[in-house]
Amino acid sequence: MELELVRHLARSAMQNLEAHRRRIDDLNVYPVPDGDTGTNLVLTLRSIVEALDASTATDSEAVAKDVTRAALMGARGNSGVIFSQIVRGFVEVLGEHEGISSALLGRAFRGASDTAYRAVKRPVEGTMLTVIREMAEESEKKEHRRVPPADLLRAVLAAGEDAVARTPELLDVLRNAGVVDAGGAGLVEIARGMVHGATGEELPEAPMEADALGFDAIHQELSEYRYCTVFVVEGESLDKDGLEAELEKIGDSLLVVGDATALKVHVHTDDPGHALMLGTAVGVVEGVEIANMHHQTAQREVRLLEGGAPSALATLATGLVAVCPGRGNRRLFESLGATRVIEGGQSMNPSAKDIVDAVEAVPTDDVLVLPNNSNVILTAEQAASMSGKTVRVIPSKSVQAGFAAMGRFVPTESADENERAMLEELEGAATAEITVASRDASLDGVDIREGEYLGLVDDVAVISGSDLDVVLDEVVDRVLAGGQGFLTILTGENAPPLDGLVASLEERDPHLEVEIHEGGQPHYPLLLVAQ
Amino acid sequence: MNLTSENTAIVLDSTSDYPDAPARFPNMRFVPLYVRFGDETFRDYLELGPAEFYEKLRTSPVTPATAQPTPADFVEAYETLSAYERIYSLHVSAKVSGTFQSAELAAQDVGGDKVRVVDSMTASLAIAMLAHAIQRRLARGTTDDEISALVERFHVHCDVLFTVETLEYLQRGGRIGKAQAVAGSLLNLRPVLSVENGEVVAVARVRGKQKAVAEIERRFADATTDEPGLRVAVAHADSAEWVGTLSELAWRVRPNAEVEFTSTLGAVVGTHAGPGAVGFFWFQDTD
């Protein structure tokens, strides 16, 4: 092993790895999805290159020693550490001889694989380890023994590529994320760099980062938006930058790739209709895929649960079905962990069967139901007795009461623990609502005229009038009478503008925290809950 | 072999948040992990203290990342302990960091069975508490078997509850574990978290700090009895006001409790917990 040659190969490996660093970072979901495998491998390799530059070794054994030491010193991250052991096993064999032959390389790959496996306490297949082992197996084949080293390396590289492609078959976490193993992919790029260094061939261009990623892998990053929207726009002289700029305003995780005649769009947005409209404005839209990512996340959790994969994602202990009206409310409940939401509520009560169906569709045996309406509680209890699962009804009488209870829900905790916490929250919550009177009436001693605002606190009418500010003031006073520190307002259809409300409330009590969410429920312009 | 503090050393990594260990005990060593801000790399505590770290976190345009020590870092630490016959190397949960793996490789490099590498299956001051528990036994003389039994009991009975301002930091660093279940919420709700089987789990979600304290109190009271030997530790990320609140809580609920450590979370743990995080640890050990 000659120092100049080793320097050259290490640099060539490094150059190719650098070109793929971002792609490999993006693949990283195992063992910890922190997106740094490519960076760690580059840093590890860089320390080898630097040590070689500084080395004054004259014989093969000394070169091997320097390389081993540098790899160990510089190893970063899990993949870097395993890689350092691959390097160690590899150069230890090469260090025994001054020249290089295919037979010796075969033994070196074997040494690399064995050393790496030995270093890891519980080797996991579908990782870098599998890739180096399969490379070693290829290198040992009889037919390669008498070929020139460059040909052997090409065959080993091909075996490595093949092994990387099959990593998702071996490791569920990878399959579920739709990616290949990041460490394995890094190892192949290092090998590719070395092959090209050894043969003097030009390196192929690094593939486009976006193309290399699968649909599910993109969703490993968590989006605040709900819909993943993918489509192709075909046309003439399409303006990629212009479309990108427009799409940026409505979402994130944006990718627009292609040329002037066809662009592929990927965006996370709450308004996929608008995204498509931007497409149809400039060309013909095709291949539309719209996926509900909240739903996908839940599905992935279920898949992982069933597969028993060693995963960073949640395993559910308790499922939850909520009944609530309005798109905004549905989204709030889902974002807080509701497994299923049934549209319904005032004047659109769901049937017991609707609830049973939802309960059965939940992947857990323990299920909580939030009826969120006094008229739905009984139906929910009936549904609970019809279902084969262990169902408990948390008797929330209104959407806002259910919302308060929902804040305490932790799907990985037991149903007992969740029930206790949620009942405690219902107990301590004061609720109110503002509606518009549909006829003249007298209720709880309050005279009401059709068309006027009516304020109720804990289901009792307290004020009516045409001036919303006056009604709201009285309602807020009463709902906060217990000294609660948090007030949440869910706005419904025909909600009045609430400009200045938060400021005036906080002025009244600087310790009060106010949140306003778009609930979208009919009949009640404002729902309030104090906690 | 009779193990004493004369012949047995303890190596901690910097996720123990116990940088004073070597100054307090001549048989202890402290190996830093790395914190990276863009192209700048720092050794935890040694080159970037907690105060500078939180300042940098507020002002730096890049988000930090962390890296485990290299095997060579551990080899170096083990080599400084050549006068000792046994080394206990205690590390952050292998489910959230490759530190344990690096230490294992270094132990193999040293050879023999001199170095015992222990996966604490937890993090931060809990590891410091384990170090003290071992040290108490070394002071009176102990055996490998007794330490193994202690570690086993520690895995089951050392508890931690912590709460963070936002799950964003755990999420970003990929250390969120099963607490993913309460992430992605639109609302200003505070998760109460724990570590089970070496990974982060959510145990409750509450509205506001007060409720988080009440939840910690309820769980602490349920899990402990007021007997001597109950040790408590409090660690916070740049929000010292918690130290008083939680120490007071410990003494109110369990007058016999001893507050063994209070400290600031260092740069590495702080990178993953985020400013405003606080951890409350306890371990019952009468030795």
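See above for the structure.
This one's a predicted model, so the numbers in the text were calculated from it and none came from an experiment.

Colleague: Just checking my understanding: could you explain the overall build of chain B for this structure?
Modeller: Counting secondary structure elements, chain B contains 10 helices and 13 strands. Looking at chain B as a whole, 56% of its 287 residues are labelled buried. Taking the intrachain contacts of chain B between residues at least 6 apart in sequence as the baseline, contacts between residues at least 24 apart amount to 72%.

Colleague: I'm lost on the sheet that holds strand β1 (residues 8–13) of chain B in this one. Help?
Modeller: The strands that make up a sheet are held in pairs by hydrogen bonds between backbone atoms, and each pair lies either parallel or antiparallel. Residues and elements named next belong to chain B. Spatial ordering of the open sheet is given by β2-β1-β6-β7, a layout of 4 strands whose pairing is parallel. Edge positions in the open sheet fall to β2 (28–31) and β7 (115–119), since each of these has one partner strand only. In this sheet, neighbouring strand axes are inclined to one another by 20° on average, regardless of whether the strands run parallel or antiparallel. Its contacts with the sheet put helix α5 (residues 125–140) on β1, β2 and β6 (86–91), and the angle it makes with β1 is roughly 175°.

Colleague: How do you make sense of the nonpolar core when you look at a structure like this?
Modeller: If you look at soluble globular proteins, the nonpolar side chains tend to sit buried side by side. One finds Val369 and Val475 of chain A to be the most contacted residues of the largest nonpolar core, which totals 225 residues. Of the residues forming this core, the biggest block, 10 residues, is contributed by α5 of chain B. In this structure Val369 of chain A touches Val321, Ile355, Ala380, Ala384, Val391, Val393 and Ile394 of chain A, once residues within four positions along its chain are discounted. Grouped together as the second largest cluster of nonpolar side chains are 8 residues, Val233, Leu243, Val265 and Ala275 of chain A included.

Colleague: Would you mind showing me how to read the packing of helix α4 (residues 77–94) of chain A against helix α5 (residues 102–119) of chain A here?
Modeller: Working note: a packed helix pair is described by the angle between its axes plus the distance between those axes. All names here are of chain A. The geometry of α4 relative to α5 is characterised by a closest axis approach of 7 Å and an angle of 145° between their N-to-C directions. Along this stretch, α4 crosses α5, giving a crossing that reads as right-handed. Along the contact surface, α4 presents Ile82, Gln85, Ile86, Arg88, Gly89, Phe90, Glu92, Val93 and Leu94, while α5 presents Leu104, Arg107, Ala108, Phe109, Gly111, Ala112, Asp114, Thr115, Ala116 and Ala119. Counted by class, the contact of α4 with α5 contains 11 nonpolar, 4 polar and 4 charged residues.

Colleague: Quick question: what am I supposed to make of the sheet that holds strand β11 (residues 230–236) of chain B here?
Modeller: All names here are of chain B. Overall, mixed pairing links the 6 strands, which are arranged β10-β9-β8-β13-β11-β12 in an open sheet. Edge positions in the sheet fall to β10 (199–206) and β12 (258–264), since each of these pairs with one other strand and no more. Within the sheet, the average angular offset between the axes of one strand and its neighbour, ignoring direction, is 20°. In this structure, strand β8 (residues 159–163) lies alongside strand β9 (residues 190–196), joined through 3 bridges in antiparallel fashion. Within β9, the residue paired with Thr163 across the bridge is Val192. Against the sheet, helix α8 (residues 209–223) touches β8, β9, β10 and β13 (278–284), its axis set at about 30° to β9.

Scoring rules and cut-offs
- Residues numbered from 1 in each chain as written.
- Chains lettered and ligands numbered in written order.
- Predicted model: local features only at pLDDT ≥ 70, side-chain atom pairs only at ≥ 80, totals over all residues.
- Helix = DSSP H or I, 4+ residues; strand = E, 2+ residues; numbered from the N terminus.
- Buried ≥ 20, exposed ≤ 12 C-beta atoms within 10 Å, placed from the backbone.
- Contact = placed C-beta atoms within 7 Å.
- Pairing = 2+ DSSP bridges.
- Axes fitted to C-alpha atoms, helices over the stretch in contact; angles between N-to-C directions.
- Core = buried A, V, L, I, M, F, W, Y, C linked by C-beta atoms within 7 Å.
- Left-handed = near helix turned anticlockwise from the far one by under 90°.
- Nonpolar A, V, L, I, M, F, W, Y, C, P; charged D, E, K, R; others polar.

That's the geometry; what it means functionally is another story.
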